[in-house]
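# Working through the structure, step by step
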Amino acid sequence: MSLFQAEGIAINFGGIKAVDGVTFSVEKGEVFTIIGPNGAGKTTIFNLMSRIYDPSEGRLVFEGQDITRVPPHKIAALGIARTFQNIELFEHATLLQNLLLARHAHKKSNFWSELLFTPATRRMEIEHREAVEHVIDFLDLQQYRDSYIVNLPYGVRKVTELARALCTNPKLLLLDEPSSGLNVEETEDMAFWIQDIKNLLGITVLMVEHDMSLVSAVSDRVLALNYGRPLAMGTPSEVQSHPEVMRAYLGG
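Computed from a predicted structure; not experimentally measured. (Residues numbered from 1 in each chain as written. Predicted model: local features only at pLDDT ≥ 70, side-chain atom pairs only at ≥ 80, totals over all residues. Heavy atoms only, no water.)

### Overview of the environment of G181
- By secondary structure assignment, the location of G181 is in the loop between β7 (172-176) and α7 (184-199).
- It is 8.8 Å that separates the C-alpha atoms of G181 and K158, two residues lying 23 residues apart in sequence. (Helix = DSSP H or I, 4+ residues; strand = E, 2+ residues; numbered from the N terminus.)

### Remarks on the sheet that holds strand β8 (residues 204-208)
- Taken in spatial order, the six strands make up an open sheet running β6-β7-β8-β3-β9-β10, and their pairing is mixed. This sheet does not close on itself; its edge strands, each paired only once, are β6 (80-82) and β10 (229-234). For this sheet, the mean inter-axis angle between neighbouring strands, taken without regard to orientation, is 20 degrees.
- Judged from the four bridges that link them, strand β3 (residues 31-35) and β8 form a sheet pairing that is parallel. Counterpart to T33 in the pairing with β8 is M207.
- In this fold helix α6 (residues 154-166) packs onto β6 and β7, with an angle of close to 160 degrees to the strand it touches most, β7. (Pairing = 2+ DSSP bridges. Axes fitted to C-alpha atoms, helices over the stretch in contact; angles between N-to-C directions. Contact = heavy atoms within 4.5 Å.)

### Some words on the packing of aromatic side chains
- Across all of its chains, the model carries four aromatic pairs by this definition.
- Look at F24 and F32: their rings are 5.4 Å apart centre to centre, the planes differ by 15 degrees, and that puts the pair in the stacked class.
- According to the relative accessible area criterion, F24 is buried, its value standing at 3%.
- Measuring from centroid to centroid gives 6.4 Å for F138 and W193, while their planes differ by 45 degrees, and the two rings are tilted. Placement of the pair is F138 in helix α5 (residues 119-138) and W193 in helix α7, with a sequence separation of 55 residues. Considered together, F138 and W193 belong to a single accessibility category, that of buried residues.
- Among the aromatic side chains, those forming a connected cluster through ring pairs are F4, F24 and F32. (Phe/Tyr/Trp six-rings, centres within 6.5 Å; stacked < 30°, edge-to-face > 60°. Buried < 20%, exposed > 50% of the residue type's maximum accessible area, 1.4 Å probe, protein only.)

### Details of the sheet that holds strand β1 (residues 4-13)
- Taken together, the four strands give an open sheet; going across it, the order is β2-β1-β4-β5, and neighbouring strands pair in antiparallel fashion. Each edge of the sheet is formed by a strand with only one pairing partner; in this case those strands are β2 (16-26) and β5 (65-66).
- Here helix α1 (residues 42-49) sits on the sheet and contacts β1, β2 and β4 (57-62); the angle it forms with β1, its principal contact strand, is near 110 degrees.

### A few points about the side chain of H128
- Structurally, the position occupied by H128 is in helix α5.
- Taking relative accessible area as the criterion, H128 reaches 9% and is therefore assigned buried.
- At 3.2 Å, the side chain of H128 forms a polar contact with the side chain of R103. (Polar contact = N/O pair within 3.5 Å; in protein donor to acceptor, adjacent residues only side chain to side chain.)

### Some remarks on unusual backbone geometry
- Even without being a glycine, E63 presents a positive backbone phi close to 50 degrees.
- A positive phi angle, near 55 degrees, is found at D140, a position not held by glycine.
- When its relative accessible area of 47% is taken as the criterion, D140 is described as partly exposed.

### Things to note about the packing of α6 against α7
- The geometry of α6 relative to α7 is characterised by a closest axis approach of 11 Å and an angle of 10 degrees between their N-to-C directions. Overall, the two elements α6 and α7 adopt an arrangement that is roughly parallel. Together, G155, K158, V159, L162 and L166 of α6 and E186, M190, W193 and I197 of α7 make up the contact between the two elements.
- Grouping the constituent residues of the contact of α6 with α7 by class yields six nonpolar, one polar and two charged. (Parallel < 35°, antiparallel > 145°, perpendicular 65-115°, else oblique. Nonpolar A, V, L, I, M, F, W, Y, C, P; charged D, E, K, R; others polar.)

### As for the pairing of β4
- One ladder, built from five bridges, connects β1 with β4; its direction is antiparallel. For F4, the partnering residue across the bridge sits in β4 and is F62.
- Two elements, β4 and β5, share two bridges in a ladder whose sense is antiparallel. Looking at the pairing, V61 lines up with D66 of β5.
- In this antiparallel pair of consecutive strands, β4 and β5, the connection spans two residues, and E63 shows a positive phi of 50 degrees.

Laid out in structure tokens, this is it:
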């Protein structure tokens, strides 16, 4: 059984079909990438999976469970986490505080247990801090632990958002253009992180990306979209050499 399946999903915006009957599956332990020109519907698919949007047609299945109508605030607890193309961090909080917020999905205490700071609550707080410190060490963010986000360079913020997603302990990680705004060296580092997330942490990755060098470096399979419809699916080399994909990118 596939970890995730999109079955004929579609969504309309003011009479325009942003996604039109898209079907694909993501297997456990792979990096699956969605590519396409601007406006192809890539991020819209992420918003459907995150439950920000409701599909007009089709359904979404995660670990055999239909999540098409699951509320957005329950998605992280199911094991799906995401980053955003435009960084969404709390700028006037520290890196550590931003990562601890991600552990909210695993919160089991209540008002009274926190007020009294019971032994069980103390143990849970220690567990959350240990989980966050593990991610900080994994992504080499130790020197920025107590820095405010507003004072960090863009590349570090990008990695911090990745770290926050990992702190939810996901089974499926959605990366929305992880190389956006990064220089060549930072993009190469991002490729290493993605490979390590897959190989060392065992997390399945679904990525939307424009940088074809990053796509080729980390992807097991690629789905190409144009105007919300699938063009081709296969290995990175197969998809990049597909005539319809070349036409969509280059025109003609």
